[in-house]
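Survey of secondary and tertiary structure
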Amino acid sequence: MGKNAIVGQSGGPTSVINASLAGVFESCKSRGADIVYGMCNGVAGLLEERVVDLSTVLTDDLDIELLKRTPSSFLGSCRYKLPDWHEDEAVYKKLFAILEKLNIGYFFYIGGNDSMDTIGKLADYGARIDSDIRFMGVPKTIDNDLMVTDHTPGYGSAAKYIGVVMKEIIRDATVYGTKYVTVVEIMGRNAGWLTAAAALAKSDDCEGVDMICLPEVPFNVDHFVEKVRVMQEKKPSIVIAVSEGVKLEDGRYVCELADDVHAVDAFGHKALTGTARFLANVVARNLDTKTRCIELSTLQRCAGHLTSRTDITEAYQVGGAAAKAAFEGVTGQMVALKRISNSPYQCTTELHPISEVANLEKKVPLSWMNENHTQMTEEFLEYARPLIQAELTPLYIAGLPHHIYLKKQK
């Protein structure tokens, strides 16, 4: 009897993470896996033995096409922090017993920094006990902060959404011709790749945003207000893109200056929200202007109607490449994207050890910002533009996009 495969999705969802799931599933089946299981809610669900035979829910080509066009995590996700084996080896013994029970030979985890940490720990423990299971990481995050990969599947579609929405916000914000400051809060804890994507709005038909604030640049509230004052002397309506994770010189997040309560997840990450609201209120108190705050929030990671075809294609490819590598005996690695050229845009896949990825973050190079650290340079735009190209139109039924979702397992 041949070995089975299992795949899970972890961390924050994206609008193309399911394309990676499709890539893993189809590649594993074509390479002879008897059963491809899906973990319901990642490793957390696997520990409860909540799995599904994907062949019973993805039964034909239409299901696969719907899966590619469905945003968020089809299998459900989790933010489960796997302890080090020497801290709680019982968890590892339980996990490997479950994998043995399911006759698993190939294990795939689609996720970001923390998910790669999980893959690394499982691969290391597997080697320690001489397990023949192959553990592979499949990159995913809208934050685009994974090391070694040129960019991360999920980022292109989120960047496309942000570029589109910023163009529309700019049009809306300038209709009255009166003094107005719009502060748009964009995701990004420690890396400003998403907020940088607001620069894509500038084109022949749009003047672009007036200021971009990234977490890579220490933030000063007073200097921010002064910049807004100076800008409003030249034009009344100002649109600013600000990362949720902008920090003061002392390391505190700007959103912590507000009185909001910020929850903490299993990895110790504070929930960041309220940055735009705080800054809009500060501007309103100090300047003679109306203000508005807009939080894109989860919309930027689940806009299936605005996905980039390039992003979907690459998300599918990294899933397939992970399966190929695992079936060839590779373990403890992550698939990465390697850019060959910008024009024409060409990209291929390569493998890197998980140790080069897990718990590390790739920041936006400050050389890709202007001297004042308020705008992105052409070099960034040349990097980002290819990632947002083309569309994969949703299948519309009754005027709305049609999705596929996993019915609750009994």
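Only a predicted model underlies this, so the values are computations on that prediction, with no experimental measurement involved. (Residues numbered from 1 in each chain as written. Predicted model: local features only at pLDDT ≥ 70, side-chain atom pairs only at ≥ 80, totals over all residues. Heavy atoms only, no water.)

1. Section: the sheet that holds strand β8 (residues 237-243)
Strand order in this open sheet of four strands is β7-β8-β6-β9, and the pairing throughout is parallel. Two strands bound the open sheet, and with one partner strand each, they are β7 (211-213) and β9 (290-295). When the angles between neighbouring strand axes are averaged without regard to direction, this sheet yields 15°. Looking at chain direction, strand β6 (residues 180-186) and β9 are connected through six bridges and run parallel. Bridging across to β9, Tyr-180 finds its partner in Lys-290. Sheet strands touched by helix α8 (residues 221-232): β6, β7 and β8. Its angle to β7, the strand with the most contacts, is close to 170°. (Pairing = 2+ DSSP bridges. Helix = DSSP H or I, 4+ residues; strand = E, 2+ residues; numbered from the N terminus. Axes fitted to C-alpha atoms, helices over the stretch in contact; angles between N-to-C directions. Contact = heavy atoms within 4.5 Å.)

2. A closer look at the environment of Gly-11
Checked against the element boundaries, Gly-11 lands in the loop between β1 (4-9) and α1 (17-30). In this structure, the C-alpha to C-alpha distance between Gly-11 and Arg-309, residues 298 residues apart in sequence, is 23 Å. Each residue touching Gly-11, except ones within four places of it in the same chain, is listed here: Ser-77, Cys-78, Arg-79, Ser-115 and Lys-140.

3. A word on the packing of α1 against helix α3 (residues 61-69)
Taken N-terminus to C-terminus, the directions of α1 and α3 make an angle of 145°; their axes are 7 Å apart at the nearest point. Viewed along their axes, α1 and α3 form a crossing whose handedness is left-handed. Touching Asn-18, Ala-19, Leu-21, Ala-22, Phe-25 and Glu-26 of α1 are Ile-64, Leu-67 and Lys-68, all from α3. Of the residues in the contact of α1 with α3, the class split is six nonpolar, one polar and two charged. (Left-handed = near helix turned anticlockwise from the far one by under 90°. Nonpolar A, V, L, I, M, F, W, Y, C, P; charged D, E, K, R; others polar.)

4. As for the environment of Glu-249
Topologically, Glu-249 is positioned in the loop between β8 and α9 (275-286). Judged by relative accessible area, which is 68%, Glu-249 ranks as exposed. Between the C-alpha atom of Glu-249 and that of Asn-220, which follows or precedes it by 29 residues, the distance is 7.4 Å. Aside from chain neighbours lying at most four places away, what touches Glu-249 is Pro-218 and Phe-219. (Buried < 20%, exposed > 50% of the residue type's maximum accessible area, 1.4 Å probe, protein only.)

5. What to know about the nonpolar core
Core analysis: the biggest nonpolar cluster contains 43 residues, and Tyr-155, Met-166, Met-376 and Phe-380 have the highest contact counts within it. Those elements that place two or more of their residues in this core are α6 (155-173), β6, α7 (193-196), β8 and α11 (378-384). Looking at this core, the element that brings in the most residues is α6, giving ten residues. Here Met-376 is in contact with Ala-196, Ala-199, Ile-212, Leu-214, Val-364, Trp-368 and Met-369, once residues within four sequence places are set aside. Among the nonpolar cores identified, the runner-up in size contains 34 residues, and Val-36, Cys-40, Ala-321 and Val-335 belong to it. (Core = buried A, V, L, I, M, F, W, Y, C linked by side-chain atoms within 4.5 Å.)

6. Describing helix α5 (residues 113-128)
The end-to-end C-alpha separation of α5 is 23 Å, in line with the 22 Å expected for 16 residues at 1.5 Å each. The buried fraction of α5 is high, at 13 of 16 residues. Among the residues trailing α5, Asp-130 stands out with phi positive, at a value near 60°. (Expected span 1.5 Å × (residues − 1).)

7. Overview of the side chain of Glu-314
Tracing the sequence through the fold places Glu-314 in helix α10 (residues 309-327). Within the buried set, Glu-314 has no salt-bridge partner at all; the shortest N-O distance to an opposite charge, 7.5 Å, is to Arg-339. (Lys, Arg positive; Asp, Glu negative; His and termini not counted. Salt bridge = Lys/Arg side-chain N within 4 Å of Asp/Glu carboxyl O.)

8. Quick look at the side chain of Ser-308
Note that Ser-308 resides in the loop between β9 and α10. A residue is classified by how much of its surface remains accessible, and Ser-308, at 0% relative accessible area, is buried. Within the structure, the side chain of Ser-308 is placed 3.4 Å from the backbone oxygen of Gln-389, a separation counted as a polar contact. Setting aside anything within four residues of it in sequence, one finds Ser-308 in contact with Gly-156, Ser-157, Lys-160, Leu-387, Ile-388, Gln-389 and Ala-390. (Polar contact = N/O pair within 3.5 Å; in protein donor to acceptor, adjacent residues only side chain to side chain.)

9. Some words on the environment of Glu-48
Its location among the elements puts Glu-48 in the loop between α2 (42-46) and β3 (51-53). For Glu-48, a relative accessible area of 55% translates into the label exposed. In this structure the C-alpha to C-alpha distance between Glu-48 and Tyr-253, which are 205 residues apart in sequence, comes to 36 Å. Here Arg-50 takes part through its side chain, which lies 2.8 Å from a polar atom of the side chain of Glu-48.

10. A closer look at the sheet that holds strand β10 (residues 333-342)
A sheet is described by the order of its strands in space; here seven strands give the open sequence β3-β2-β1-β4-β5-β10-β11, paired in mixed fashion. Looking along the sheet, the strands with just one partner apiece sit at the ends: β3 and β11 (345-353). Neighbouring strand axes in the sheet, compared pairwise and without regard to direction, differ in orientation by 25° on average. Judged from the three bridges that link them, β1 and strand β2 (residues 36-39) form a sheet pairing that is parallel.

11. Quick look at the pattern of salt bridges
Under the criterion given, the structure shown has 19 salt bridges. In this structure, Lys-167 and Asp-205 form a salt bridge, with 2.8 Å as the shortest nitrogen-oxygen distance. Pair noted here: Lys-167 is in helix α6 and Asp-205 is in the loop between α7 and β7, with a separation of 38 residues, a long-range link. In the salt-bridge network here, residues are joined through shared partners; they are Glu-65, Lys-68 and Arg-69.

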